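This is what each chain is made of:
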Amino acid sequence: MVEMTHDKREHDDAAFVDAYERRLAGGRPEDVPAAWREEIEQMVVIHERLAALPLPDVSPAVRSAVLTAAAQAASERPQSLWSKIAEFLMRPGPILATAAALALLVAVGQRESKPAVDAGAVAVSEPLAPPEVAQAAPAPAPNPPAEAQVAQGIAKEGDKPPSPPAAAPPPAVAEPPPAVAKAEAARPTRTIAAQPASIAPDMAANTEPERQAPQQAALAEGIADDQRKLPPAPVMGMARAAENRGQNLEAMNKANQFAQAPRAEAKAEAEPMAVAQDKKTQDVAKDSAEVAKSDVQQLKAAVDKTTDPAKRKALLVKLRAVALQAGDGKTAQWADQALAASNANESSPGGVPNKAKAAPAKSAAPASEKTSY
Amino acid sequence: MWLLMMAALVALAATENASDEALYERFVGGDSRALGVLYDRHCRALKAFAIQQGAARPDDVVQDAFVRVVRNAQGFKGQSKFKTWLYTIARNLCVDASRRDKFRSGPSLDAPMGDDDGLTLGERIASDAPGLDASRNTADKQFRQAYEAAMQTLPDEQREVFTLREISGLSFAEIAEATATNENTVKSRMRYALKALREALADFA
């Protein structure tokens, strides 16, 4: 009975305090029970006056002591992982290192983004290309496989700018067989460089060579004209087909250039050798002619000095031969006439040499030969 | 530069408006400034509580309470509010101080004088005695004297509950936790303290 009275009294006290708290929290006086209203209103006034009193100040030395203790404890206490990470990251070194790493990543990303974007354009555009364009895409010349591989290797070395040409395919485009179109559709993500080598045998068996030559020429012209233009999205597949054909043509041209290069080099090396040989031959001939002329002069002097008819006849025969060898026709003719006069003197009855005949012959010698003597 | 200043202002505002528990968690994580904010937020009410508890050196109670908070960081599990924990520490310090003061011969500078103005001995020495601050309101002075006198007439339990509720702002549940008492008992003590103070301060109501 006593406990129930005590509990009832505590419950009553709690209700009173709750009403007082509600009134302090902004409740209206009418909401307070009438039995406690006057008492609670008086306590509200006391509460307001008490709240107006200033709280006591604390000495600044206390604050300093507390903060010093806090700093000391913080230095002794093992910091949390996040605090350590934050403190480490806020140092200049990690900030600079992180900035440099980010800059490097951005640079590498930009460098790799270009081929990736091009490859992505191929992968997206090829399945969406119109059937006729997709069929016209692979039109490589019937190259030998080894030559095609060499050409692919050359084309991969990046001699050509990466931007695809915007040229539409030429009007005269041969329609490949449906098998090629199926191959195109079955490999939507293949790379451009793999196209000619992979489907070249099929195309070689099903294309008309006489119609491919003008197509390739037209393609080469279109690629050369529009190489720096960026193709619009709807013609990406057409441009890709033209680019494939252009790559094939360009690879062939490069392969031919590589094949012809040794010949040109050999020719360039052979030309100086031939010139030198000719010059050497000319020099030898010139030397032999000069020797022959010298022999002609010596023989002619010997003929003039010789009085023995037989010996003179022999010298004239030799002079004629040497003059013919030296190209001196006049001396040869003179020697021939002198030899004929000598034969005539031998056949005459007086046996006297016919110097009158010989003298005109001697005088008949050309002025040039006279001066050269 | 402007972004940094704005970020600093936002961080400062976030620090000032953060809860006690969040600030203390930041202090445990290594942020000493968070404890400064906590100190500025509670030091004066804590000193008032220490004065009402009869502490001879209320400033010492405040300092010792916060130093214990700093050194016993692992003892705070977050199961109760920081303010409850702080006042529990201060209450225990006041109990220990009152036991020591029984053997003290001289008066304390921080203890209330218990005379007409309710000031401590230290405050009276620092002021231009014998007069008080000229700007102080006479009515407030009279009310303060009457209030201090009425508080001295209250039993310790009632004075403790009233101070924790009216001055320190603890809820009844927190007071019950800090004093290890039933909440209804706390409210009953509050009811009797209100009744006694209303009767003592009827002239100011």
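Shown above is the structure to which this text applies.
The rules behind the values
- Residues numbered from 1 in each chain as written.
- Chains lettered and ligands numbered in written order.
- Predicted model: local features only at pLDDT ≥ 70, side-chain atom pairs only at ≥ 80, totals over all residues.
- Heavy atoms only, no water.
- Helix = DSSP H or I, 4+ residues; strand = E, 2+ residues; numbered from the N terminus.
- Buried < 20%, exposed > 50% of the residue type's maximum accessible area, 1.4 Å probe, protein only.
- Contact = heavy atoms within 4.5 Å.
- Buried area = accessible area lost by both parts, 1.4 Å probe.
- Salt bridge = Lys/Arg side-chain N within 4 Å of Asp/Glu carboxyl O.
- Polar contact = N/O pair within 3.5 Å; in protein donor to acceptor, adjacent residues only side chain to side chain.
- Nonpolar A, V, L, I, M, F, W, Y, C, P; charged D, E, K, R; others polar.
- Core = buried A, V, L, I, M, F, W, Y, C linked by side-chain atoms within 4.5 Å.
- Phe/Tyr/Trp six-rings, centres within 6.5 Å; stacked < 30°, edge-to-face > 60°.
- Lys NZ or Arg CZ within 6 Å of the ring centre and 35° of its normal.

Caption draft 1: Spatial organisation of the overall build of chain B. Secondary structure summary: chain B contains 10 helices and 0 strands in total. Going from the N terminus to the C terminus, chain B shows its helices and strands as α-α-α-α-α-α-α-α-α-α. Burial statistics for chain B: of 205 residues in total, 47% are counted as buried.

Caption draft 2: Inspection of the interface of chain A and chain B at higher detail. The interface of chain A with chain B comprises 40 residues on the first partner and 46 residues on the second. Taken over both partners, the interface formed by chain A and chain B buries close to 4100 Å², and the fraction arising from carbon and sulfur atoms is 62%. The closest approach of N and O atoms between Glu-39 of chain A and Arg-198 of chain B, which form a salt bridge, is 3.7 Å. Taken together, chain A and chain B are joined by 13 residue pairs in polar contact (both at pLDDT 80 or more). At the level of secondary structure, the elements contributing two or more residues to the side of chain A that touches chain B comprise α1 (2-24), α2 (34-52) and α3 (60-76) of chain A. No other element matches α1 of chain A, which puts 11 residues into the side of chain A that touches chain B. Its residues assigned to classes, the side of chain A that touches chain B comprises 24 nonpolar, 5 polar and 11 charged.

Caption draft 3: The nonpolar core, seen in detail. Residue and element names in this part refer to chain B. Counting 68 residues, the largest nonpolar core has Tyr-24 and Phe-162 as the members making the most contacts within it. Top contributing element to this core by residue count: helix α3 (residues 32-52), with 10 residues. Ignoring anything within four residues of it in the chain, the contact list for Tyr-24 reads Leu-38, Val-69, Asn-72, Ala-73, Phe-76, Phe-82 and Trp-85.

Caption draft 4: Spatial organisation of the environment of Arg-33 of chain B. All names here are of chain B. Inspection of the secondary structure puts Arg-33 in helix α3. Judged by relative accessible area, Arg-33 falls into the exposed class, the value being 65%. Residues Arg-33 and Leu-23, spaced 10 residues apart in sequence, show a C-alpha to C-alpha distance of 8.9 Å.

Caption draft 5: Just the side chain of His-42 of chain B, in detail. Residue and element names in this part refer to chain B. Structurally, the position occupied by His-42 is in helix α3. The class of His-42 is buried, set by a relative accessible area of 6%. Polar side-chain contacts of His-42 include one of 3.0 Å to the side chain of Asp-20.

Caption draft 6: Molecular detail of the packing of aromatic side chains. This structure, assessed with the given rule, holds 12 aromatic pairs over all chains. Between Phe-49 of chain B and Tyr-87 of chain B, the ring centres sit 5.4 Å apart and the planes meet at 80°, which makes this aromatic pair edge-to-face. Here the residue Phe-49 of chain B occupies a position in helix α3, and Tyr-87 of chain B occupies one in helix α5 (residues 82-101), the gap between them amounting to 38 residues. Exposure remark for Tyr-87 of chain B: the relative accessible area of 1% places this residue in the buried category. Between the aromatic rings of Phe-143 of chain B and Phe-204 of chain B, the centroid separation amounts to 5.5 Å while the plane-to-plane angle is 75°, which identifies the pairing as edge-to-face. Residue Phe-143 of chain B is found in helix α7 (residues 138-153), and its partner Phe-204 of chain B is found in the segment after α10 (183-200); the two are separated by 61 residues along the sequence. According to the relative accessible area criterion, Phe-204 of chain B is buried, its value standing at 18%. Taken together through their ring pairs, the aromatic side chains of Tyr-24, Phe-27, Phe-76, Phe-82 and Trp-85 of chain B make up a single cluster. Sitting above the plane of the Trp-334 of chain A ring, Lys-300 of chain A keeps its charged end 4.7 Å from the centroid.

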